[in-house]
Amino acid sequence: MLALTGTVLAVQANFYRVMLDHAFRLELLDELGQNTSQIIDELLCTRRARLKKIGQQICVGDRVTIEEPDWHGKRGAISEVAARRNLLDRPTVANVDRILLVFALAEPSLDPHQLSRFLVKAESTQVEVLLCLNKRDLVSDELWQTWRDRLKSWGYPPVAISTYTHEGINELAQHLQTGVTVVAGLSGVGKSSLINLLIPNLQVRVGEVSQRLGHGRHTTRHVELFALPAGGYLADTPGFMQPNLTVIPQELADCFPEAKQRLSAGDVCHFNNCLHRRDEPNCLVRGDWERYEHYLAYLEEAIAYQQKLKNTATADSSLKVKDASDGKQQEPRLLKKRYRRESRRSEHQNLDEELD
Ligand SMILES: Nc1nc2c(ncn2[C@@H]2O[C@H](COP(=O)(O)OP(=O)(O)OP(=O)(O)O)[C@@H](O)[C@H]2O)c(=O)[nH]1
Ligand SMILES: [Zn+2]
């Protein structure tokens, strides 16, 4: 028998909603004794104890193998998780193929600094970035063309759309037909309107969904994949709303296509460990490109962030005390839960908030 495989759409407590790669036709007899059939393309799954034992987490976007399907109850058990190509953080989505950054040309007006931050944050995941500018109906041809040329020079030829006139929607949809696309962007740019256009049958579940996509997303880190009609999956991401830059300074230049291009032209900077700061001698990154000033500002931010992380780590290790019995370093005994050290992750989060 062929292995039953699928993609995890959502994680709810200890259950995983899995979309099957191949739908199953269930033959049934109705009350009148007539043959009918039902197409089953989703199963609600648990995780095999073996996976739990080895600590195998299952995330939205994971590719999984399912055993012992119960077609009548639409249940199954995940027995295997395929190796991930990548894993996005906050919220957690595995095997992401592209990030669709949605901004508006107006209302709210397009702010180059804000856009640049989102772009850098998106690039830092090393996933392909697609830029889409909504509300094309609100601006003149001239303004749109100015933005188009400007963003092209940044390395991001944008797709203009309007969820009102439907301009550009088909073109955009063609880019999303394969793999997993994560939608990100500020509040109010029209992400929900776009998602509803791209997945019309989502409207059927609008009560539930508007809760998820609307109020839910500001308060929870819930994430879910939605199947697109022509193939591919879409995920809406609450976590991308606060793009704090946690890139390490050495990797920041790679988050700017313009800088990357300058560095790959064949030449090298004077120092091979050049951080590409403003006063670095013979630095290839320095030059006459629009976002150079953004780059320098983010670089200082990245350096400060790294320093702050280091300081936290030092403060942490000074907490360690010697255990008299064998001379080995040990963490002091923690009496109550509330005295426990915070996890790295929440430490990161707190830092992000502080730096904000
Ligand atoms: N003029 C114009 N307005 C639009 C367009 N698309 C969306 N809007 C309006 O922009 C506002 C915000 O749209 P939403 O789809 O809720 O935006 P969102 O990005 O999902 O916002 P949050 O839910 O707050 O994250 C609404 O008033 C929409 O009617 C468009 O193409 N043109
Ligand atoms: Zn340099």
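Residues numbered from 1 in each chain as written. Chains lettered and ligands numbered in written order. Predicted model: local features only at pLDDT ≥ 70, side-chain atom pairs only at ≥ 80, totals over all residues.

With that settled, the discussion passes to the domain arrangement of the chain. Domains assigned within the chain are domain 1 (4-83), domain 2 (93-241) and domain 3 (256-355). Contacts between the two partners involve six residues from domain 2 and, on the opposite side, six residues from domain 3. For the side of domain 2 that touches domain 3, the elements supplying multiple residues, two or more each, are helix H2 (112-123) and helix H3 (141-154). It is H2 that provides the largest number of residues to the side of domain 2 that touches domain 3, a total of three residues. Broken down by class, the residue content of the side of domain 2 that touches domain 3 amounts to two nonpolar, four polar and no charged. (Domains from an automatic or database assignment. Contact = placed C-beta atoms within 7 Å. Helix = DSSP H or I, 4+ residues; strand = E, 2+ residues; numbered from the N terminus. Nonpolar A, V, L, I, M, F, W, Y, C, P; charged D, E, K, R; others polar.)

Next up on the list: the pairing of strand S1 (residues 4-12). Both S1 and strand S4 (residues 63-70) contribute to a ladder of four bridges, which runs antiparallel. Residue pairing for S4: Thr5 is matched across the bridge by Thr65. Counting the residues between successive antiparallel strands, the hairpin from S1 to strand S2 (residues 15-29) contains two residues, one of them, Ala13, with a positive phi of roughly 55°. (Pairing = 2+ DSSP bridges.)

Here Glu107 and Pro108 are connected by a cis peptide whose omega angle stands at 0°. Relative to the helices and strands, Pro108 resides in the loop between strand S8 (98-104) and H2. One non-glycine residue, Ala13, adopts positive backbone phi at about 55°. Within the secondary structure, Ala13 sits in the loop between S1 and S2. Unusually for a residue other than glycine, Lys135 sits at a positive phi of about 65°. You can see Lys135 is positioned in the loop between strand S9 (128-134) and H3.

Among the seven residues in S9, five count as buried, and that is most of the element. Bridging between S8 and S9 involves seven bridges; their strand directions are parallel. What sits directly across from Val102, in S9, is Cys132. Between the parallel pair S8 and S9, the chain is carried across by H2, and the sense of this crossover is right-handed. Pairing of S9 with strand S10 (residues 159-160), which is carried by two bridges, proceeds in the parallel orientation. Pairing of Leu133 across the sheet is with Ala160, part of S10. With respect to chirality, the unit in which S9 leads through H3 into the neighbouring parallel S10 is right-handed. (Buried ≥ 20, exposed ≤ 12 C-beta atoms within 10 Å, placed from the backbone. Right-handed = clockwise from strand over helix to strand, strands pointing away.)

Taken in spatial order, the five strands line up as S1-S2-S3-S5-S4 and close into a barrel, and their pairing is mixed. Averaged over neighbouring strand pairs, the angle between their axes works out to 50° when direction is ignored. With six bridges connecting them, S1 and S2 associate as antiparallel partners. Bridge pairing in S2 links Gln12 to Phe15. (Axes fitted to C-alpha atoms, helices over the stretch in contact; angles between N-to-C directions.)

Okay, the sheet that holds strand S12 (residues 225-227) next. In space, the six strands of this open sheet follow the order S10-S9-S8-S11-S13-S12, with mixed pairing throughout. Strand pairing shows two members of the sheet lacking a second neighbour, S10 and S12, which therefore form its edges. Along the sheet, H2 makes contact with S8, S9 and strand S11 (180-184), crossing S8 at roughly 175°.

The first and last C-alpha atoms of H3 sit 20 Å apart over 14 residues, in line with the 20 Å expected at 1.5 Å per residue. Of the residues one or two after H3, Gly155 is the one with positive phi, at around 105°. (Expected span 1.5 Å × (residues − 1).)

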